[in-house]
Every structure is written in C-alpha cells, then in structure tokens.
Amino acid sequence: LVECGDVEPHPGPLKKRRVGEERAFRVLLYNVCGLRVGERGEGVSEKDGYGTGKDMVRKESEKMREMRKVMDEMGAKVAVLVDTHVGQDELTAIIGMMDTGGWQAYGIPGKKGLAIGGQYTGGVIIAWPKYGGVMAVPANRRLRHEGMLAEVRLQIASGRQITVLGSSLPHCSCNIAC
C-alpha cells in the first residue's frame, strides 16, 4: 500500500521540539469542582462584595493559582473549566483575575440549588491565553439552550476558526465540553 500511494510511511520518531515550535493545539478540560476567589484584600469590607477581579477587592485563591499553573504548564490554548459552582458576581471577579493573569475568558454562572442549601451548582468558564496566538472572534460569544451552554468562536494562529462549547449542567453530576 505504501508503494501504491494509498498509505504514507510513518515519519519515524518525533524530533525534539525547537524553541517556539508548536506541535499540537492543546485543549484542557478541567473539572474544578468549585472555584472560589480568595479572601478579601486588606482594608476591604464585606459590603464591597467580590469586586471586578482587577481591583484587589479579593485575592486569588490557592485553587485558582493552581488551576492557572496547570493551564500555563500544559501550554493550553483553550481551557474549559466546568463545575465552577459560582454566581454571577463571583464569576465576574474570577474572569477579571484571569485577565490580570494573562487569560481571557467567558463563562456561565452556576444555578442556585434549593435542594442543597442554596449553594451554586454547575457553571462553566472557557478561557484562552491573551498572548498565545488565539483570539476571540468579535461578537461571537453567546449562551445557548437557556443559558446552559457557553459558545465562543476563536481564531487560532493559522487563521482557522474554531467553536468551543462548554456546558453547565447544574442538575447533573457531570459537565461536558467539546
């Protein structure tokens, strides 16, 4: 088959990666199982809420630092963080903190569940590095299916566009991204 041209020969062992050379477009699906902002900043009162994430009202939590470290070390071009368990105010702060840390993001807050003492369930964030050759296509972020599915259209360095979907299923024990 190789001689007929139907199958190409295996190129052999992978060569060492050169500095700056990319081999794969890495997508990280991360079940964060609850993502919180950290403690209030110095001199900040409870009435200040969560802030914008850029105003130092709250500090970044250890879990957020660990999550961003994994995203950075893996070289992820897109990260879909599911099961965030946060409301809109905390989601805004998390997205602001991610922006300060070099990541752009879009997300859906979780839903408040009466059956579990008013805690939030579900929630999803789609994130991509600010300076990693990936950029959002203008006006292409939206919610679908009654706010249960986040959709972001991104343009990658090659010029191709991809659509990233992240689902927030607050009444389910699993969330899906594709």
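Structure first, text after, so check above.
Please read all numbers here as calculations on a predicted model, not as lab measurements.

Novice: Help me understand helix H2 (residues 88-100) in this model?
Specialist: At 3.6 residues per turn, the α-helix brings residues three or four places apart onto the same side. Here H2 contains 13 residues, and its C-alpha end-to-end distance of 18 Å stays within 8% of the 18 Å for a straight helix at 1.5 Å per residue. Buried within H2 we find Glu 90, Leu 91, Ala 93, Ile 94, Gly 96, Met 97, Met 98 and Asp 99. Packed against the buried residues of H2 are helix H1 (62-74), strand E2 (78-82), strand E3 (103-108) and strand E6 (124-129).

Novice: Can you walk me through the pattern of salt bridges in this structure?
Specialist: Close approach of charged atoms lets side chains of opposite charge pair. If you walk through the whole model with that rule in mind, you get four salt bridges. With its nearest N and O atoms 3.5 Å apart, the salt bridge here joins Arg 36 to Glu 90. Pair noted here: Arg 36 is in the loop between strand E1 (27-31) and H1 and Glu 90 is in helix H2, with a separation of 54 residues, a long-range link. We classify Arg 36 as partly exposed; its relative accessible area is 38%. As a salt-bridge pair, Glu 60 and Arg 68 come within 3.0 Å of each other at their nearest N and O atoms. Look at Arg 68 and you get buried, because its relative accessible area is 14%.

Rules behind the numbers
Along each chain, numbering runs from 1 in the same order as the chain's sequence is written. Per-residue local features are limited, in this predicted model, to residues with pLDDT of at least 70; the limit for side-chain atom pairs, both in listing and counting, is 80 or more; totals at the level of whole chains, interfaces and linings are taken over all residues. In computing side-chain values, all of the structure's heavy atoms are included and hydrogens and water are not. A helix here means a DSSP run of H or I that spans at least four residues, while a strand means a run of E at least two residues long, and both kinds are numbered starting from the N terminus. Every helix has an expected span of 1.5 Å times one less than the residues it contains. Exposure categories follow from relative accessible area, calculated using a 1.4 Å probe and restricted to protein chains: below 20% of the type maximum is buried, above 50% is exposed, and the middle band is partly exposed. Contacts were defined at the residue level, with two residues in contact if any of their heavy atoms lie within 4.5 Å. For this document, the term salt bridge refers to a Lys or Arg side-chain nitrogen within 4 Å of an Asp or Glu carboxyl oxygen.

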